[in-house]
Amino acid sequence: MLGLVALPMVMRNPYYLGIMVFMGIYSLISIGLSLLMGYAGQISLGHAAFFAIGAYTSGILTTKAHLSPLPAFLAAIVLTACIAFLIGIPTLRLKGHYLAMATLGFGQIVYVALNASVDFTGGPSGFGEIPRIALGNFVVESQLSRYCLVWALVIIVLLFSLNLIHSRVGRALRSIHSSELAANAMGVNTSKYKIQVFVLSAIYASIAGSLYAHFVTFISPGSFDLEFSILLVTMVVVGGMANVWGALLGTVLLTLLPEFLRGFKDYDILIYGSTLLLIMIFMPEGLFGLVKKLRTVHGKT
Amino acid sequence: MEPILETINLTKRFGGLVAVSDVSLKVETGEIKAIIGPNGAGKTTIFNAITGVDPPTAGEIRLKGRKINGLKPYEIASQGISRTFQNVELFDNMSVLENVMVGRHPRTFSGLLSALFHLPKSIAEEKAIRDDAMERLAFVGLSSSAQELASKLPFGQQRVLELARAWATDPKLLLLDEPAAGLNSHEATVLADLILKIREKGTTILLVEHDMELVMDISDKILVVNYGKKIAEDKPEEIQDNQEVIKAYLGEDFKER
Amino acid sequence: MGNSYAIESQEMSTSIILQLILSGVTIGSIYAMVALGFNIIYNSTSIINFAQGEFVMLGGMFMVSLVGPLNLPMWVAFPIAVLAVTLIGMAFERLCIHPLKMPSVLSLIIITIAGSILLKGGAMFAWGKETFSLPHFSTEKPILLLEATILPQTVWILGIIGMVVLLLALFFRFTIVGKAMRACAANRPAASLVGINVKRIVLLSFALSAAIGAIAGIIITPISLMDYERGAILGLKGFGAAVLGGLGNPMGAVVAGFLIGIVESLCAGLISSHYKDAVGLVVLLMVLFIKPSGLFGSAQVSKLKKF
């Protein structure tokens, strides 16, 4: 964590800072997804949709309704929460692959809707001129200021999530993951908690989406497709699902990997695929699982 | 006095199969009642009906006179019926202590928001939950493994932990589904003592069990089911001599001899 | 595909509807084939193979190369292309699935996705990024059917799919290997106890579903063209059909595949082609919300196959 704060002092290159900004945005989503998947045991292959709803609500409200970013940002959160709640009720009754398909379907429906409602969203070509976030007279425009804003939010969200994990509700979520039957028998209202954590993770994604819209100032459906949903899930699983730190680790890795692979031109897709494959085959618990294993081995000797 | 649990003409059909047929039973406050019967007689089905896991096709279930069928499993648990499972359903990914802490769930209140903001109320409650769970672990003799993963416990202790977890919900009625299955005779004795001790603390107990020694030792009343029907209900010593029961267990041939 | 049928007048003539249904049946049959592939692997392993769509793409691509540059006749190229993809499917199983010990369902999902990225990347290197076409199997002159027209290729597609479904049914019912695969589907530990080599069955199920995917790719390419990225969307639709029909139920998958194809085509023709890709999913979600185990799935089975 300290390293994170110190990093921009050492690294002044705006390009690298830009990568770190995206890493922060993705981290916001993957932390939420880790609560949903790793703790409550519910998969979502449609979280790009909540990212999109956050981004489009912020974008549309600030450009077309001329709201300032902060109220638009709150409106985005409320809207995302409502949609996640309504979608969550029927969806989270499903299990396993059915849940995977339903969330995937939801994500695709939102994606198609963004493409199709041209008047509203600009269709496939999207829309631009989204204003930047301003705090008083200070406009969040430089990569450094973006970096500070996004990572401050990541730290807040992380603290919230750690609080949640070590609480009565967090325990209830983990009990659902382990045995829904027994959780119910212990008086845990499994559907209520599943929906709560689903909505929470959607809100995290919405926050990330709003930031994205104001940082990039231009949005189009291409950034919110199925591939992005899958990338998010992959970050969580590769890092290690059993832990929010794992999700962060996975996000760091999968944001940096394409940058390292840039030199390989078209071969990047092959190297990317093989890296994923190797990690999953040799570290089924994810990177964090490996870290933990090394630590216990080290502790024993 | 009003019985703690009463079922009236409880019936459960799976398609054409009648697993439980018109079973009426009463469990009085403070007693230990056992349900016995040959395999497939419908014992676990009765449990699943009572706890709302598989609601009955017909009939009524009352807890302290209040109808509870139609309620969801978690609601029934909150109302005061807790249970263990035939095939031990522990939270494998959690520590022994955390398992019992989940048991405190229906008696505690902190929600999502107070958890997120780490409010003092929720901190205090969390400490109370932990202390209570530790006490219960001490009571059942598992304090020393509190931090271990539940799945790492020997099987006998897993059964004890499951019992402790169910008891942690402060149930009015505790349902135990074959608590001694898979235990050796020493472990079964330990468990029997524990069940008696938990009853002394004021919990009524209904159990399904095949271990006749254990059933005869601890039960006040025994209910015998066969082919989904109640065929006898009596004190242990009477049940042992009941012709109907002997027939159900040992078959026609035995009686004729 | 469906949007090429422009509606000239506002009145919906039956011929247009019929035409739309026919084109829906064509694309639906491909979804059905992909869904069958999902089912075969799911039944023997409980794995959803997200690379299933890539097998379809590869089938089309191999056929393109064999018929085009290598100039082989169709009837020779067809089995070679199927065989090539079958071998790739087997290699996929050996490299990605076989080495795993007790994987979680989620890591399996990521692994098959990683596999599909590799297959897609490989295809990009082998064939480049262009879109390829393939000659129709016979004449391209449309046949008049009632008030609509039907391409001879559609007849080929339906005929071949009918054959595949029939052969699969016979295979599973009457051959020892087919019976062994069904036994694995019903109860893996028990199947292994009676001496069935479960690992080999898993390999076989990948081979079989790769072959079916390849056939689907070969027969659809003349109508819908093929490029290296086409696999994902076909895989998605096929997965949708498999879930809609109830996972583990091959006949349900076939019915659901046709259903999705027809609904999409009607939507494209009558409402807007923009929403074509969403309408099938909307139907799917509606069905799942009412019946969480799909149209023909059993709730008990899906409960057992735990996540």
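Structure first, text after, so check above.
Below is a summary of the structure that appears in this document.

Rules used throughout
Residues numbered from 1 in each chain as written. Chains lettered and ligands numbered in written order. Predicted model: local features only at pLDDT ≥ 70, side-chain atom pairs only at ≥ 80, totals over all residues. Heavy atoms only, no water. Helix = DSSP H or I, 4+ residues; strand = E, 2+ residues; numbered from the N terminus. Rg over C-alpha atoms; globule rule 2.2 N^0.38 Å. Buried < 20%, exposed > 50% of the residue type's maximum accessible area, 1.4 Å probe, protein only. Contact = heavy atoms within 4.5 Å. Areas by Shrake-Rupley, 256 points an atom, 1.4 Å probe, with all protein chains shown as cover. Lys, Arg positive; Asp, Glu negative; His and termini not counted. Charge placed at Lys NZ, Arg CZ, Asp CG, Glu CD. Expected span 1.5 Å × (residues − 1). Pairing = 2+ DSSP bridges. Axes fitted to C-alpha atoms, helices over the stretch in contact; angles between N-to-C directions. Buried area = accessible area lost by both parts, 1.4 Å probe. Salt bridge = Lys/Arg side-chain N within 4 Å of Asp/Glu carboxyl O. Polar contact = N/O pair within 3.5 Å; in protein donor to acceptor, adjacent residues only side chain to side chain. Nonpolar A, V, L, I, M, F, W, Y, C, P; charged D, E, K, R; others polar. 1 Å grid on protein atoms, 1.4 Å probe; cavity = no way out; pocket = protein on both sides within 12 Å on 5 of 7 lines; lining within 4 Å. Points joined across faces, edges and corners; volume = space filled by probe spheres on them. Phe/Tyr/Trp six-rings, centres within 6.5 Å; stacked < 30°, edge-to-face > 60°. Lys NZ or Arg CZ within 6 Å of the ring centre and 35° of its normal.

**Points about the overall build of chain C**
What chain C contains, in helices and strands, is twelve helices and two strands. Here the C-alpha radius of gyration of chain C, 19 Å, is about what a compact globule of 307 residues would show, namely 19 Å. Within chain C, the fraction of its 307 residues that count as buried is 54%. Excluding contacts between residues fewer than 6 apart, the proportion of contacts in chain C whose partners are at least 24 apart in sequence is 73%. Surface accessibility of chain C: about 13,200 Å² in total, with carbon and sulfur atoms responsible for 69%. Across chain C, the 18 positively charged side chains and the 11 negatively charged ones have centroids separated by 22 Å.

**Quick notes on helix 1 (residues 14-45) of chain C**
Along an α-helix, a turn takes 3.6 residues, which lines up residues three or four apart on a common side. Residue and element names in this part refer to chain C. The end-to-end C-alpha distance of helix 1 is 45 Å, a good match for the 46 Å that 32 residues give at a rise of 1.5 Å each. Of all 32 residues in helix 1, 26 are buried, a share of seventy percent or more. Two residues or fewer after helix 1 comes S46, characterised by a positive phi angle close to 60°.

**Section: the sheet that holds strand 10 (residues 229-234) of chain B**
Residue and element names in this part refer to chain B. Here we have six strands laid out as an open sheet, ordered 6-7-8-3-9-10, and mixed in their pairing. Where the open sheet ends on each side, the last strands, each with one partner, are strand 6 (81-83) and strand 10. The sheet shows a mean angle of 20° between the axes of neighbouring strands, direction not considered. In this fold helix 6 (residues 155-167) packs onto strand 6 and strand 7 (173-177), with an angle of close to 155° to the strand it touches most, strand 7.

**A short note on the side chain of B:N48**
Residue and element names in this part refer to chain B. Its place among the elements puts N48 in helix 1 (residues 43-50). On the basis of relative accessible area, N48 is assigned to the buried category, the value being 17%. If near-sequence neighbours (up to four positions away) are discounted, N48 is found in contact with V53, D54 and R83.

**Some points on the interface of chain A and chain C**
Often, the extent of an interface is quoted as the loss of accessible area upon association of its parts. Facing 41 residues of chain A, the contacting portion of chain C comprises 47 residues. Taken as a group, A:H97, A:Y98 and A:M101 account for 21% of the area that chain A buries against chain C, more than any other trio of residues on that side. Viewed at the interface, chain C and chain A are joined by zero salt bridges. Run the count over chain A and chain C and you get four residue pairs in polar contact (both at pLDDT 80 or more). Those elements that place two or more of their residues in the side of chain A that touches chain C are helix 4 (69-91), helix 5 (96-116), helix 11 (226-239) and helix 13 (268-282) of chain A. Here the element with the most residues in the side of chain A that touches chain C is helix 5 of chain A; it accounts for twelve residues. Of the residues belonging to the side of chain A that touches chain C, the class tally is 27 nonpolar, eleven polar and three charged.

**Comments concerning empty space enclosed by the protein**
Tallied over the full model, the rule gives four cavities of 30 Å³ or more. Roughly 60 Å³ of volume is contained in the largest cavity. In terms of lining residues, the largest cavity is bounded by A:L181, A:A185, B:T51, B:V53, B:P73, B:I76, B:A77, B:I81, B:S82 and B:R83. Only helix 9 (180-185) of chain A together with helix 2 (73-79) and strand 6 of chain B provide two or more residues apiece to the lining of the largest cavity. Classifying every residue of the lining of the largest cavity by side-chain character gives seven nonpolar, two polar and one charged.

**Points about the pattern of salt bridges**
A full pass over the atoms with the stated rule returns 23 salt bridges over all chains. For B:K33, the salt bridge identified is with B:E31, shortest N-O distance 3.8 Å. With a relative accessible area of 3%, B:K33 lands in the buried category. Residue classification places B:E31 among the buried positions, given a relative accessible area of 10%. In this structure, C:K237 engages C:D277 in a salt bridge whose closest nitrogen and oxygen atoms are separated by 2.8 Å.

**Things to note about the interface of chain A and chain B**
Listed per partner, the contact involves 27 residues of chain A and 35 residues of chain B. Of the roughly 2,700 Å² buried between chain A and chain B on both sides combined, carbon and sulfur atoms contribute 63%. Looking at the side of chain A facing chain B, the largest losses of area belong to A:R168, A:R171 and A:M186, adding up to 30% of the total buried there. Linking chain A to chain B there are two salt bridges. Note that A:R171 and B:E126 form a salt bridge whose closest N and O atoms lie 2.7 Å from each other. Between chain A and chain B we count eleven residue pairs in polar contact (both at pLDDT 80 or more) in total. The set of elements that each furnish at least two residues to the side of chain A that touches chain B consists of helix 7 (143-165), helix 8 (168-178), helix 9 and helix 10 (190-216) of chain A. At eight residues, the largest contribution of residues to the side of chain A that touches chain B is made by helix 8 of chain A. Grouping the constituent residues of the side of chain A that touches chain B by class yields 13 nonpolar, eleven polar and three charged.

**Some points on the arrangement of the chains**
No other pair of the two pairs of chains in contact has as many contacts as chains A and C. With no contact formed, the shortest span from any C-alpha in chain B to any C-alpha in chain C equals 12 Å.

**Topic: the environment of A:S175**
For A:S175, the position within the fold is in helix 8. Each C-alpha atom, one on A:S175 and one on A:S125, is 45 Å from the other, the two residues being 50 residues apart in sequence.

**Some remarks on the packing of aromatic side chains**
If you walk through the whole model with that rule in mind, you get 23 aromatic pairs over all chains. With centroids separated by 6.1 Å and ring planes inclined at 50°, the aromatic side chains of A:F22 and A:Y26 adopt a geometry described as tilted. With A:F22 and A:Y26 both in helix 2 (residues 14-39), this residue pair falls four residues apart, about one helical turn. Ring pairs connect the aromatic residues A:F22, A:Y26, A:F51, A:Y56, A:F127, A:Y212, A:F224 and A:F228, which therefore count as one cluster. We note A:K64 situated over the ring of A:F127; from NZ or CZ to the ring centre the distance is 5.1 Å. Cation over ring: B:R136 sits above B:W167, and NZ or CZ is 4.7 Å from the ring centre.

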